[in-house]
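Inside the fold
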Amino acid sequence: MTARLEYMSEQWYELLASAAQRHRRQAVAVMLDVSPAVITQVLNGTGKYGTGAARTDRIASRVVHT
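Keep in mind that what you see is a predicted model, and the values were worked out from it rather than measured. Every chain's residues receive numbers from 1 upward, in the order its sequence appears when written. Per-residue local features are limited, in this predicted model, to residues with pLDDT of at least 70; the limit for side-chain atom pairs, both in listing and counting, is 80 or more; totals at the level of whole chains, interfaces and linings are taken over all residues. No hydrogens and no water enter the side-chain calculation; it runs on all heavy atoms of the structure.

1. Points about the packing of helix 2 (residues 25–32) against helix 3 (residues 36–44)
Helix-helix packing is described using two parameters, namely the angle between the two axes and the distance between the axes. Rules: In this description, a line fitted to the C-alpha atoms serves as the axis of each element, helices being fitted only across the stretch in contact, and the angle between N-to-C directions of two axes falls anywhere from 0 to 180 degrees. Each helix is a run of H or I in the DSSP string that is no shorter than four residues. Each strand is a run of E no shorter than two, and both are numbered from the N terminus. In this scheme, roughly parallel covers angles under 35 degrees and roughly antiparallel covers those over 145, while 65 to 115 is roughly perpendicular and the rest are oblique. Note on definitions: a residue-residue contact is assigned when non-hydrogen atoms from the two residues lie within 4.5 Å. Three classes are used, and their members are as follows: Ala, Val, Leu, Ile, Met, Phe, Trp, Tyr, Cys and Pro are nonpolar, Asp, Glu, Lys and Arg are charged, and the others, Gly among them, are polar.
Following both chains from N to C, one finds helix 2 and helix 3 inclined at 105°, their axes separated by 8 Å at the closest point. Taken together, the axes of helix 2 and helix 3 lie roughly perpendicular to each other. Across the interface between the two elements, Arg 25, Gln 26, Val 28, Ala 29 and Leu 32 of helix 2 pack against Pro 36, Ile 39, Thr 40, Leu 43 and Asn 44 of helix 3. Looking at side-chain class alone, the contact of helix 2 with helix 3 contains six nonpolar, three polar and one charged residues.

Right under this line is the structure:
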């Protein structure tokens, strides 16, 4: 299990998690124009998002404005 990261308490993350529960991650990725891997990594706090090597501002902006 991955520790809860700071960005996971932000409103955009809650919106993303909710969308991923209602729709397949592939569909959410298409809506946000990102890869399904990005959606999975952000939601699970893995990969570069988990280590802090990738910034979440781009995905956060896409979530808020979609």
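2. Quick look at the pattern of salt bridges
Our working definition: Here a salt bridge means any side-chain nitrogen of Lys or Arg lying within 4 Å of a carboxyl oxygen belonging to Asp or Glu. The cut-offs for exposure are 20% and 50% of the maximum accessible area for each residue type, with area from a 1.4 Å probe on protein chains only; residues under the lower value are buried, those over the upper are exposed, and the others partly exposed.
For the structure on display, the rule yields three salt bridges. For Asp 33, the salt bridge goes to Arg 62, with nearest N and O atoms at 3.8 Å. In this pair, Asp 33 is assigned in the loop between helix 2 and helix 3 and Arg 62 in helix 5 (residues 57–64), connecting sequence segments 29 residues apart. The exposure class of Arg 62 is partly exposed, given its relative accessible area of 26%. With a shortest N-O distance of 2.4 Å, Asp 57 and Arg 55 are connected by a salt bridge. Given a relative accessible area of 41%, Asp 57 falls into the partly exposed group.

3. With respect to helix 5
Quick reminder of the rule: Note that the arc is computed from the directions linking the helix axis to the C-beta atoms.
Taken together, the buried positions of helix 5 are Ile 59, Ala 60 and Val 63. The buried residues of helix 5 occupy one face: seen down the axis, they fall within an arc of 100°. Of the surrounding elements, those touching the buried residues of helix 5 are helix 1 (11–22), helix 2 and helix 3.

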